[in-house]
Amino acid sequence: MLSLAGRTASPARQPVPVRVGGFGGAAGLTNYLVKERIAVLIDATHPYASNISANAVAAAEHANVPFIVLRRPAWTAVAGDRWIEVSDVREAVRALGKTARRVFVALGRQEIEPLIDAPQHSYLIRSVDPIEPPLPLRRASYITARGPFGETDDRALLTAHRIEVVMAKNSGGTATYGKIAAARALGIPVIMLRRPHEPAGPAVDTVEDAIAWLDHVLTSAAARGV
Ligand SMILES: NC(=O)c1ccc[n+]([C@@H]2O[C@H](COP(=O)([O-])OP(=O)(O)OC[C@H]3O[C@@H](n4cnc5c(N)ncnc54)[C@H](OP(=O)(O)O)[C@@H]3O)[C@@H](O)[C@H]2O)c1
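Since the structure is predicted, the reported quantities are computational estimates derived from the model, not experimental observations.

Reading the values: rules and limits
- Each chain has its residues counted from 1, following the order in which its sequence is written.
- For a predicted model such as this one, the threshold for reporting local features is a pLDDT of at least 70, and the threshold for listing and counting side-chain atom pairs is 80 or more; totals across whole chains, interfaces and linings nevertheless cover every residue.
- Helix and strand definitions follow DSSP, with helices as H or I runs of at least four residues and strands as E runs of at least two, each counted in order from the N terminus.
- We call a residue exposed when 12 or fewer other C-beta atoms sit within 10 Å of its C-beta, buried when the count reaches 20 or more, and partly exposed for counts in between; the C-beta positions come from the backbone.
- Residue pairs are scored as contacts if the distance between their C-beta atoms, which are placed from the backbone, is within 7 Å.
- Nearness is defined per residue: the C-beta atom, placed using the backbone, must lie within 6 Å of the molecule or strand.
- Gly falls in the polar group here, along with every residue not listed as nonpolar (Ala, Val, Leu, Ile, Met, Phe, Trp, Tyr, Cys, Pro) or charged (Asp, Glu, Lys, Arg).
- For the purposes of this description, domain bounds are those given by an automatic or database domain assignment.
- In this description, strands pair whenever DSSP reports at least two bridges between them.
- Every axis in this analysis is a line fitted to C-alpha atoms, fitted for helices over the stretch in contact. Angles between the N-to-C directions lie between 0 and 180 degrees.
- Each nonpolar core consists of buried Ala, Val, Leu, Ile, Met, Phe, Trp, Tyr and Cys residues. Their C-beta atoms, within 7 Å, join them into a set.
- When we speak of the arc, we mean the arc of directions from the helix axis to the C-beta atoms.

Caption draft 1: Representation of the overall build of the chain in the model. Scanning the chain from terminus to terminus reveals six helices and eleven strands. In terms of overall dimensions, the chain has a C-alpha envelope of 65 × 40 × 30 Å along the principal axes. Put simply, the chain has 226 residues, and 23% of those count as buried. For the chain, the proportion of contacts with a sequence separation of at least 24, taken over those separated by at least 6, is 62%.

Here's what the structure looks like:
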């Protein structure tokens, strides 16, 4: 069972059963695991979705369900990258400085409100669903698009909009790395939000490793007749 929060209006189709919507905190997730007789829990959420990750740790413990975190490793800066690392969006906005700049924003619609505090900049904001209502900013434009985003396309986009700085999260993986590689190629800085936390419990980097762990857990359970 794949669980989605329900943030995206029309999520990509998945080849497994899907449920949508919050559980009602760690207690709600614990109840779900017990009621649905869930055998194992994999936290495969986005590295910045801290609440559901914390709830998953607690619920797995309370429901006594084997648990693992599947987390894409963070990107690391390589030669040519000009990263400015910050802790949150407010600090990212401060890092833009007072002088007007042209900013590409690759953040979710839930978190871009602090941009309002720096109306001198021009923002190009890319999101999966439209930003409704738009931010009260005179110089903001919006693109709705769903990844993966490659370097060539993102480079063309940054160039066409004369972008001077990119604001992004360290999501890891390849699907959203295009803008990071494009910024490097164009020599423009990336204001990079640090990851909020790293997994507390056992973690794997790849789907293959998660499946290997799953096989191991389920085989051991079967051997014990559970
Ligand atoms: N944060 C990001 O930067 C980011 C980026 C891309 C995609 N996403 C995806 O968007 C979703 C929400 O992100 P967020 O940062 O708002 O999460 P969050 O702060 O960790 O979670 C807020 C609440 O949303 C519900 N929720 C989150 N993920 C859920 C799931 N997979 N299934 C059921 N309920 C879920 C839970 O509600 P209850 O307490 O009621 O259970 C949770 O307490 C996540 O699934 C994440 O993978 C997040």
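Here the narrative resumes, following the displayed structure.
Caption draft 2: Inspection of the site of the ligand at higher detail. Neighbouring the ligand are 21 residues, the closest being Ala5, Gly22, Tyr48, Ala49 and Asn51. Elements with a contribution of two residues or more to the shell around the ligand: β1 (2–4), α1 (25–35) and α2 (50–63). Looking at which element gives the most residues to the shell around the ligand, the answer is α2, with four residues. Grouping the amino acids of the shell around the ligand by side-chain chemistry returns seven nonpolar, twelve polar and two charged. Here the shell around the ligand gathers at least three residues from each of two domains, domain 1 (2–73 + 197–223) and domain 2 (83–193).

Caption draft 3: Representation of the sheet that holds strand β9 (residues 165–169). Across the sheet, six strands lie side by side as β5-β10-β9-β6-β7-β8; this open sheet has parallel pairing. Each of the sheet's edge strands pairs with one partner strand only, and the pair in question is β5 (83–86) and β8 (140–144). Here the strands of the sheet are splayed against their neighbours by 20° on average, with no regard to which way each runs. Pairing of β5 with strand β10 (residues 190–193) involves four bridges; the strand directions are parallel. Bridging from a neighbouring strand, Trp83 pairs with Val190 of β10. In the packing of helix α5 (residues 178–186) onto the sheet, contacts are made with β6 (102–106), β9 and β10, and the angle to β9 comes to roughly 150°.

Caption draft 4: Structural context of the pairing of strand β7 (residues 122–127). Examined bridge by bridge, β6 and β7 share four bridges and lie parallel to one another. Counterpart to Arg102 in the pairing with β7 is Ser122. Sheet topology places β7 next to β8; five bridges connect them, and they run parallel. Residue pairing across strands places Leu124 opposite Ser141, the latter belonging to β8.

Caption draft 5: Spatial organisation of the sheet that holds strand β11 (residues 203–204). Reading across the sheet, the three strands line up as β3-β4-β11 and stay open at both edges, with parallel pairing between neighbours. Whereas interior strands pair on both sides, the edge strands pair on one side only; in this sheet they are β3 (41–43) and β11. The pairing of β3 with strand β4 (residues 67–70) spans three bridges and is parallel. Following the sheet pairing, Asp43 is matched in β4 by Val69. The strands that helix α6 (residues 207–223) touches are β3, β4 and β11; relative to β4, the one it contacts most, it runs at about 170°.

Caption draft 6: Highlighting the nonpolar core. Counting residues in hydrophobic clusters, the biggest one holds 29 residues, and the most contacted among them are Val103, Phe104, Val105, Val166 and Met167. Those elements giving two or more residues to this core turn out to be α3 (89–95), β6, β7, β9, α5 and β10. Sequence-distant contacts of Met167, that is, excluding residues within four places in its chain, are made with Ala92, Val103, Phe104, Val105, Ala106, Leu107 and Ile191. Of all hydrophobic cores here, the second largest spans six residues; its members include Leu29, Leu33, Leu41 and Ala59.

Caption draft 7: Looking closely at α1. Taken together, the buried positions of α1 are occupied by Leu29, Thr30 and Leu33. Relative to the axis of α1, the buried residues are bounded by an arc of 105° and lie together on one face. Considering only its buried residues, α1 is in contact with β3 and α2. Just downstream of α1, Arg37 is the residue with a positive phi angle, here 50°.

Caption draft 8: Seen up close, the environment of Ala92. Secondary-structure assignment places Ala92 in helix α3. Along the backbone, Ala92 and Leu193 are 101 residues apart, and their C-alpha atoms lie at a distance of 7.3 Å. The contacts of Ala92, once residues within four sequence positions are left out, are Val86, Met167, Ile191 and Leu193.

Everything listed is a geometric property; what it means functionally is a separate question.
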